[in-house]
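Okay, here's what each chain looks like letter by letter:
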Amino acid sequence: QVQLLESGGGSVQAGGLLRLSCPVFGYPYITYCMGWFPQAPGKEREGAAIIYTGGGSTYYADSVKGRFTISQDNAKNTLYLQMNSLKPEDTAQYYCAFDYRPRACSDPGVYDYTYWGQGTQVTVSS
């Protein structure tokens, strides 16, 4: 009932930038949270950036703070991740996800969101 279609990944050199997009379709919820969750090969999934209803509150992992910016376009129902000053350690499959549950939306450490996109690959070379 909720579909997410992220895109915008690619291969860049260190110091480059990318902008990921994730249109969200079919959600009826007034309160919600959305985020970007990278997973590198052989590594655990992490929460890079999360945005909450209306965009008034955000969360960033320490590893991306100051370099990544999460935002949403309410008119287009689209979530974005602006990724600047990319580092090789940013290389991962980036998933966008959506949830409406208070448990998920009140704790940045909760990664079992209800709805997930298919992922978009980000590769950063030295």
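You'll find the structure just up there.
Rules used in this analysis
Residues numbered from 1 in each chain as written. Predicted model: local features only at pLDDT ≥ 70, side-chain atom pairs only at ≥ 80, totals over all residues. Heavy atoms only, no water. Helix = DSSP H or I, 4+ residues; strand = E, 2+ residues; numbered from the N terminus. Rg over C-alpha atoms; globule rule 2.2 N^0.38 Å. Buried < 20%, exposed > 50% of the residue type's maximum accessible area, 1.4 Å probe, protein only. Contact = heavy atoms within 4.5 Å. Areas by Shrake-Rupley, 256 points an atom, 1.4 Å probe, with all protein chains shown as cover. Lys, Arg positive; Asp, Glu negative; His and termini not counted. Charge placed at Lys NZ, Arg CZ, Asp CG, Glu CD. Salt bridge = Lys/Arg side-chain N within 4 Å of Asp/Glu carboxyl O. Phe/Tyr/Trp six-rings, centres within 6.5 Å; stacked < 30°, edge-to-face > 60°. Pairing = 2+ DSSP bridges.

Asks: Before we move on, could you go through the overall build of the protein chain and cite the residues and values that matter?
Replies: Per the secondary structure count, the protein chain includes one helix and 11 strands. When the elements of the protein chain are put in sequence order from the N terminus, they spell out β-β-β-β-β-β-β-β-β-α-β-β. A globule of 126 residues ought to have a C-alpha radius of gyration of about 14 Å, and the protein chain, at 14 Å, matches this closely. Principal-axis analysis of the C-alpha atoms gives the protein chain an extent of 40 × 25 × 25 Å. Within the protein chain, the proportion of its 126 residues that are buried is 43%. Pairs at least 24 apart in sequence give 55% of the contacts found in the protein chain among residues at least 6 apart. In the structure as shown, the protein chain presents an accessible area of about 6,300 Å², 49% of it carried by carbon and sulfur atoms. Taking the average place of the 9 positive charges on the side chains of the protein chain and the average place of its 10 negative ones, the gap between the two points comes to 3 Å.

Asks: Before we move on, can you summarise the environment of Pro38 with the specific residues and values?
Replies: Along the polypeptide, Pro38 turns up in strand S4 (residues 33-39). Excluding anything up to four places from it in sequence, Pro38 contacts Glu44, Arg45, Glu46, Ala48, Ala92, Gln93 and Tyr94.

Asks: Residues and numbers for the pattern of salt bridges, please.
Replies: Note that side chains of opposite charge can pair when their charged atoms are close. Applying the stated criterion to the full structure yields four salt bridges. Residue Lys65 is joined to Asp62 by a salt bridge in which the shortest nitrogen-to-oxygen separation is 3.5 Å. Each of the two residues, Lys65 as well as Asp62, counts as exposed. Note that Asp99 is salt-bridged to Arg101, the shortest N-O span being 2.7 Å.

Asks: Any details on the packing of aromatic side chains? Residues and values, ideally.
Replies: Inspection of every chain in the model, using the stated rule, returns seven aromatic pairs. Taken together, a centroid distance of 6.4 Å and an interplanar angle of 80° make the contact between Tyr95 and Trp116 edge-to-face. Here the residue Tyr95 occupies a position in strand S9 (residues 92-99), and Trp116 occupies one in strand S10 (residues 115-116), the gap between them amounting to 21 residues. With a centroid separation of 6.2 Å and 45° between ring planes, the pair formed by Phe98 and Tyr115 is classed as tilted. Pair noted here: Phe98 is in strand S9 and Tyr115 is in strand S10, with a separation of 17 residues, a long-range link.

Asks: Break down the sheet that holds strand S7 (residues 68-73) for me, with residues and values.
Replies: Within a sheet, neighbouring strands are paired by backbone hydrogen bonds and run either parallel or antiparallel to one another. The sheet built from four strands is open, its strands ordered S1-S3-S8-S7 with antiparallel pairing. The sheet terminates laterally at strand S1 (3-4) and S7, the two strands that pair on one side only. As judged from the six bridges shared by S7 and strand S8 (residues 78-83), these two strands associate in the antiparallel manner. In the sheet register, Thr69 faces S8, and the bridge partner there is Gln82.

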